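What the coordinates show
Here is what each chain is made of, one letter per residue.
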Amino acid sequence: MALPIDMQYWVFANKAPGTYEDSDWDMTTILANQRYYFTRDERNRSSVVAGDIAYLRLYGDSYIGRCGIGKW
């Protein structure tokens, strides 16, 4: 299967679970809801489009997984 030429890859990193308590930014919440939180004014947010691929990781610790970006 050929990949689209205009597909981009992103790495999103976050601090360890529990760092941000119960906020949408906390990795525990992200993993439970299977959604990564962004606001429209987030740096690079406007560059990420449906069809792109993102890799999630914890700063200096581990790789969480790979996900496809859906409709914003």
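Refer to the structure presented above.
Below is a summary of the structure that appears in this document. (Residues numbered from 1 in each chain as written. Predicted model: local features only at pLDDT ≥ 70, side-chain atom pairs only at ≥ 80, totals over all residues. Heavy atoms only, no water.)

1. Structural notes on the environment of glutamate 21
Inclusion rule: Strands are runs of DSSP state E lasting at least two residues, helices are runs of H or I lasting at least four, and both sets are numbered from the N terminus onward. The contact criterion used throughout is that any non-hydrogen atoms of two residues lie within 4.5 Å.
Position of glutamate 21 among the secondary structure elements: in the loop between strand E1 (9–14) and helix H1 (27–33). In this structure, the C-alpha to C-alpha distance between glutamate 21 and leucine 31, residues 10 residues apart in sequence, is 13 Å. In this view, glutamate 21 contacts Asp26 and Thr29; residues no more than four positions away in its chain are not counted.

2. Things to note about the packing of aromatic side chains
Put simply, the rule reads: Here a Phe, Tyr or Trp ring, Trp counted by its six-membered ring, pairs with any other such ring whose centre lies within 6.5 Å, and the pair is stacked when the planes are under 30 degrees apart, edge-to-face when over 60, and tilted otherwise. Note on classification: 1.4 Å probe, protein chains only; a residue is buried when its accessible area is under 20% of the maximum for its type, exposed when over 50%, partly exposed between these limits.
A full pass over the atoms with the stated rule returns two aromatic pairs. Measuring from centroid to centroid gives 6.4 Å for tyrosine 9 and tyrosine 55, while their planes differ by 25°, and the two rings are stacked. Of this pair, tyrosine 9 sits in strand E1 while tyrosine 55 sits in strand E2 (residues 53–58); the two residues are 46 residues apart in sequence, bridging distant segments of the chain. Looking at tyrosine 9, the relative accessible area reads 43%, which means it is partly exposed.

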